[in-house]
Amino acid sequence: MSLTFHWFLPTNGDSRHVVGGGHGAPVTASGRDRPPTVAYLSQIARAAEDLGFVGALTPTGAWCEDAWLTTAMVSQNTERLKFLVAFRPGFLSPTLAAQMASTFQRQTGGRLLLNVVTGGESHEQRAYGDFLDKDDRYRRTGEFLEVVRALWEGETVDLKGEHLRVEDARLARLPDPVPEVYFGGSSPVAGAIAARHVDVYLTWGEPPAQVAEKIAWIRGLAAQHGRALRFGIRLHVITRDTSEQAWAEANRLLDGFDPQTVRSVQAGLARSESEGQRRMLALHGGSRDGLEIHPNLWAGIGLVRGGAGTALAGSHEEVAERIEEYAALGIEEFVLSGYPHLEEAYWFGEGVLPRLAARGLWRHPAADRAAPVGVPFEGLSGASG
C-alpha cells in the first residue's frame, strides 16, 4: 500500500503565523506577510512536487484568490503536480464546469482533481447570487454532478431537475483522464450525495474514533449504490526532529493569537451552517486549554481559522505513527498544510515521508525515475517554520 499525500496552496496569503478566514470567520490580516503571488505559490508547488506530494489543494471562497485561474497559471511552472481545485457548483453551469475541466486536463497533461464544495455559509453564497438554503444546495450539487459525469462519459444530457435544467448538452472534447471528484460533508444530505457521486470522501481532522465512525457511515451508504469510495483527511502539520521542538512551535503559533481575534473568529464560526464546522468547534470549545485532543492531534488552529482546524504535532516519528493510525482506519489520502507552507512542506517531506517509506506506507510518485525521497532534517533543530 502506498498512501497519497497532497499539499496546500495558500491563496489567501501565507505567514509564519496562522492566517485565518473562511467558513464565517473574518480574514485575519495579521501575519499575512507573504502575498499569494503566482511566483510564491509556484515556489510552494515546485517544492511539493519535488518532495513527493501528488497534488495541491487550492481553496475557494471570497476570502482567497480564485482557484481555477490561480492553478491554471501555477500549473505552467510545474511538471507533475496535480491541482485539487475547490469550487462551488452553484456559481457556474454544469456544462461549463465540465468543459473547463476538460480544457484543464488537455492543457496540463491530465493534472486536475476537483474538490466540490457545496457551501455551508448562506450569507457568503448570497453575495454570489445564490439564495438556496443549505439542503437545497446539496441537492443541487447532486444534480450538478449527475450532469457533469454524464458529459464526461460522452453522453448528450437533458435534465429537468429540481434546481438545474440543461437541454442537448454535450462536450466537443472529453477530458482524458476524467478528473476524480473529492467531496466532504457531515450532514445526512451530504452523505447521500457522496455515496452516489464522488470518488474520494474527505473529512477534516477529527480524532481517530470519530473518523472511523464517518468512514463506516459513508461506506454503508455507498454500498447501497454498489459503490466503493476512497477516503481522505484534511490536516495541518507541525513536525520537527523532536517532540519538544514541535510543541514549542505549536505554542509559538498559539502565542500569536490575539484574544480579541479569537473571540471574533469564534463568534463568526458559531453562526456557520456547516455540520463539519460545528464538529470542529466542539473539539476545542473556543478555549486555549486542552488543545491536544488525541495524542499528537492539536486543535489550536481552529481558534482562528475556519474549516480544517487541527494539526498533527510532534516529532517526525510521532507524526508518522499518527498517519499510520489513520491509515489503519481506511484513510488513503492526506491533504496537508502548515505555516508557512513552503518551509513546512520541507519539514514534512524530508522528515516524515522517508519514515513512512521505510514502513512500506509510501512511495515517491516519481520513484520510477529514480527521484530522491529526501532525508530527515538532522542538524536543523533550531529552524522555525
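Now for a description of the structure that goes with this document. (Residues numbered from 1 in each chain as written. Predicted model: local features only at pLDDT ≥ 70, side-chain atom pairs only at ≥ 80, totals over all residues. Heavy atoms only, no water.)

**Regarding the environment of K82**
Thinking step 1. The topology assignment puts K82 in strand β3 (residues 82–87).
Thinking step 2. Measuring from C-alpha to C-alpha, the distance between K82 and T71 comes to 9.4 Å, with eleven residues separating the pair along the chain.
Thinking step 3. Beyond its immediate stretch of four places on either side in the chain, K82 contacts V54, G55, A56, G110, R111 and L113. (Helix = DSSP H or I, 4+ residues; strand = E, 2+ residues; numbered from the N terminus. Contact = heavy atoms within 4.5 Å.)

**Points about helix α12 (residues 341–351)**
Because each turn of an α-helix spans 3.6 residues, side chains separated by three or four positions in sequence point in the same direction.
Thinking step 1. Among the eleven residues of α12, ten are classified as buried, and the element is accordingly described as predominantly covered.
Thinking step 2. Residues of α12 that are buried: H341, L342, E343, E344, A345, W347, F348, G349, E350 and G351.
Thinking step 3. Those residues of α12 hidden inside the fold are in contact with β1 (4–8), α1 (38–51), β9 (230–240), α11 (316–329), β13 (331–337) and α13 (353–358). (Buried < 20%, exposed > 50% of the residue type's maximum accessible area, 1.4 Å probe, protein only.)

**Notes on the layout of surface pockets**
Thinking step 1. Counted as a void, the largest pocket has a volume near 230 Å³.
Thinking step 2. Lining the largest pocket are 15 residues; nearest its centre among them are T60, D66, A67, W68 and F91.
Thinking step 3. At the level of secondary structure, the elements contributing two or more residues to the lining of the largest pocket comprise α2 (67–75) and β3.
Thinking step 4. Residue composition of the lining of the largest pocket, by class: ten nonpolar, two polar and three charged. (1 Å grid on protein atoms, 1.4 Å probe; cavity = no way out; pocket = protein on both sides within 12 Å on 5 of 7 lines; lining within 4 Å. Points joined across faces, edges and corners; volume = space filled by probe spheres on them. Nonpolar A, V, L, I, M, F, W, Y, C, P; charged D, E, K, R; others polar.)

**Describing empty space enclosed by the protein**
Thinking step 1. Evaluated as defined, the whole model comprises two cavities of 30 Å³ or more.
Thinking step 2. If you go around the second largest cavity, the residues you meet are F8, P10, N12, G13, V19, W63, R305, Y339 and H341.
Thinking step 3. Here the lining of the second largest cavity is built from residues that sort into five nonpolar, three polar and one charged.

**Here's the deal with the side chain of E49**
Thinking step 1. Within the secondary structure, E49 is located in helix α1.
Thinking step 2. Despite its burial, E49 pairs with no opposite charge, the nearest such side chain being R111 at 4.5 Å.
Thinking step 3. Setting aside chain neighbours within four positions, we find E49 in contact with T78, E79, R80, L81, R111 and H364. (Lys, Arg positive; Asp, Glu negative; His and termini not counted. Salt bridge = Lys/Arg side-chain N within 4 Å of Asp/Glu carboxyl O.)

**A short note on the pattern of salt bridges**
Thinking step 1. A complete count under the given rule lists 20 salt bridges for this structure.
Thinking step 2. Residue E206 pairs with R279 through a salt bridge whose shortest N-O separation is 2.7 Å. Placement of E206 in the loop between β8 (200–204) and α7 (208–223) and of R279 in helix α10 (residues 275–284) is noted, with a sequence separation of 73 residues between them.
Thinking step 3. Through salt bridges with shared partners, one network takes in E317, E324, R355 and R359.

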